[in-house]
Each structure stands twice: as C-alpha cells, then as structure tokens.
Amino acid sequence: MLKAVIFDMDGVIVDSDRMIYELERKMFDELGIEVSAEDHLSFVGMTAQKFWAAVKEKYGIKQSVEELLEYFVKNTYDYFETCEIEPMEGLLAFLENLRGHEVKVALASSGEPRRIGLIMKRLGLDEVFSVRVTADDVVHGKPDPEVFLKAAEKLGIAPADCAVIEDAKLGVDAANSAGMLSVGFNAIPGRQDLSAAKLIVGGFAELSYVKLAACC
C-alpha cells in the first residue's frame, strides 16, 4: 500500500542536473583533464565526495579529494544562490495530489545538505520536505539503499509502502535494493539507463497517486 513517496532532488525536484554537469565540466577544464561524456554520466547519482574521489583516481589529479570537494561545494552553492530556478514542471500539482491522499513525502539525495537547504528555501518547499536525508547522513552512497531506508525510517513507513522517484541509474538500483517501488524519472530520454525501474515516466504529468498505488 502506498504510504510515502521519496524524491531525489537533482533532476527530479528541480532541473539542476544540467547546471551541475556544466559546473563539473568547468572544473575539469580548470584541472586540465578530459573526461568523456560517457564517464561523466556514469558518475551521476554519487555523492560529491565519491564523485571527486573517482575522478581523482581515474585521471590522476594532484589535488586532494577534500580540496576538490571544498572548491566544488563553494562553486555550486554560489551558483544556486543567484541563478534562476523553478520546481520541475508538474511537481507542485503532484505534491498536492499526494497530500490529498495523505501520502507522506521525503527528500533523499546524494547532494550536499547546505545546497539542498538553499534550493528548498528558494523553491518554497522547506515545510513540504521537512524529512530529508542527504550525503552527510549516510555512510554509503547510491547504489547502496541506505539513503532511502533512512528516509523511510524517518517517515515511520515500511520500505514496501514507499515509492522512490529517481532520474539516475544508481538511484533506481538503490530503490530496488531497498525493496521500494522504483520510478524512473526520464525527463531527458536516453540520458540514463532507467530500464531497471518498475515504472518509467517522462514527467510529473504522467504521475498520480492512483497510478503509483496500482503498482505497489
């Protein structure tokens, strides 16, 4: 029975994947490394620390992971503090639909908590997503299910009664491992392999309580 929906943030709550992708590529240029688009996309869904550790190892970057992470976190926070951002199309209507059926919601993201807090505040979603689990709350990043299991625990809902909306392969794998209904959010078709998701949609206009409940 559907009792809760857990949302990833980047690429689901807000169309920020593209922005972060470009910020990362700018850092690659500054570091003097060439990272293929295929390699770059394979890292999507990782925590920033795991992401930069993987890049450092593969491309032999001299800076420490801590230095890379600190610079990246500052760059992304400064960017999202001033850029124009809007919630993903159809999100607010979908949240209202869930609320009408007394379905709880949570945010579970591999993102850095300070940036997530900033974006939630700017979108006016602070109170809606009062339950959040971020990179600082987990030991193991996606595809490990820890982030989703902790969100379910905070909500007080059994994993089997939760759906997860994810736009990344690692996130879909994590949701499946958690024993939750995985929903592949395919807003950019072909960008990620979401074939393992139990349900794949192109946007929130294709989602409703009734549709999710029928899959649980």
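Residues numbered from 1 in each chain as written. Predicted model: local features only at pLDDT ≥ 70, side-chain atom pairs only at ≥ 80, totals over all residues. Heavy atoms only, no water.

Participant: Before we move on, could you go through the pairing of strand β5 (residues 181-185) and cite the residues and values that matter?
Facilitator: Across the five residues of β5, five count as buried, placing the element largely inside the fold. A crossover links strand β4 (residues 162-166) with its parallel partner β5, the connecting element being helix α8 (residues 169-177), and its sense is right-handed. Alignment of β5 against strand β6 (residues 199-201), held across three bridges, turns out to be parallel. Residue pairing in the sheet places Phe185 in a bridge with Val201 of β6. (Buried < 20%, exposed > 50% of the residue type's maximum accessible area, 1.4 Å probe, protein only. Helix = DSSP H or I, 4+ residues; strand = E, 2+ residues; numbered from the N terminus. Right-handed = clockwise from strand over helix to strand, strands pointing away. Pairing = 2+ DSSP bridges.)

Participant: Explain the packing of helix α1 (residues 17-31) against helix α4 (residues 65-82) to me, and be specific about the residues and the numbers.
Facilitator: As a packed pair, α1 and α4 sit with axes 11 Å apart at the nearest point and diverge in direction by 135°. It follows from the interaxial angle that α1 and α4 lie oblique. Helix-helix and strand crossings are classified by hand; for α1 and α4 the assignment is right-handed. When α1 is examined against α4, the residues Met19, Ile20, Leu23, Glu24, Met27, Glu30 and Leu31 are found in contact with a partner set consisting of Leu68, Tyr71, Phe72, Asn75, Thr76, Tyr79 and Phe80. A class-by-class count of the residues in the contact of α1 with α4 yields ten nonpolar, two polar and two charged. (Axes fitted to C-alpha atoms, helices over the stretch in contact; angles between N-to-C directions. Parallel < 35°, antiparallel > 145°, perpendicular 65-115°, else oblique. Left-handed = near helix turned anticlockwise from the far one by under 90°. Contact = heavy atoms within 4.5 Å. Nonpolar A, V, L, I, M, F, W, Y, C, P; charged D, E, K, R; others polar.)

Participant: Quick one: what's the story with the sheet that holds strand β3 (residues 132-133), residue by residue and with numbers?
Facilitator: Strand pairing in a sheet takes place through backbone hydrogen bonds and is either antiparallel or parallel in direction. Taking strand neighbours across the sheet as the criterion, the six strands line up as β3-β2-β1-β4-β5-β6 in an open arrangement whose pairing is parallel. Either end of the sheet is taken by a strand with one partner, and the two such strands are β3 and β6. Its contacts with the sheet place helix α7 (residues 146-155) against β1 (4-7), β2 (104-108), β3 and β4, and it is angled at close to 145° to β2. Across the sheet, α8 is in contact with β4 and β5; its angle to β5 comes to roughly 170°.

Participant: Report on helix α3 (residues 48-59), specifying residues and quantitative values.
Facilitator: The terminal C-alpha atoms of α3 lie 16 Å apart, and with twelve residues this matches the ideal 16 Å at 1.5 Å per residue to within 8%. Turning to α3, its buried residues are Ala48, Phe51, Trp52 and Val55. The buried residues of α3 occupy an angular sector of 90° when the element is viewed end-on, so they sit on one face. Considering only its buried residues, α3 is in contact with α1, α2 (37-42) and α4. The positive-phi residue at the C-terminal boundary of α3 is Gly60, with phi of around 65°. (Expected span 1.5 Å × (residues − 1). Arc of directions from axis to C-beta.)

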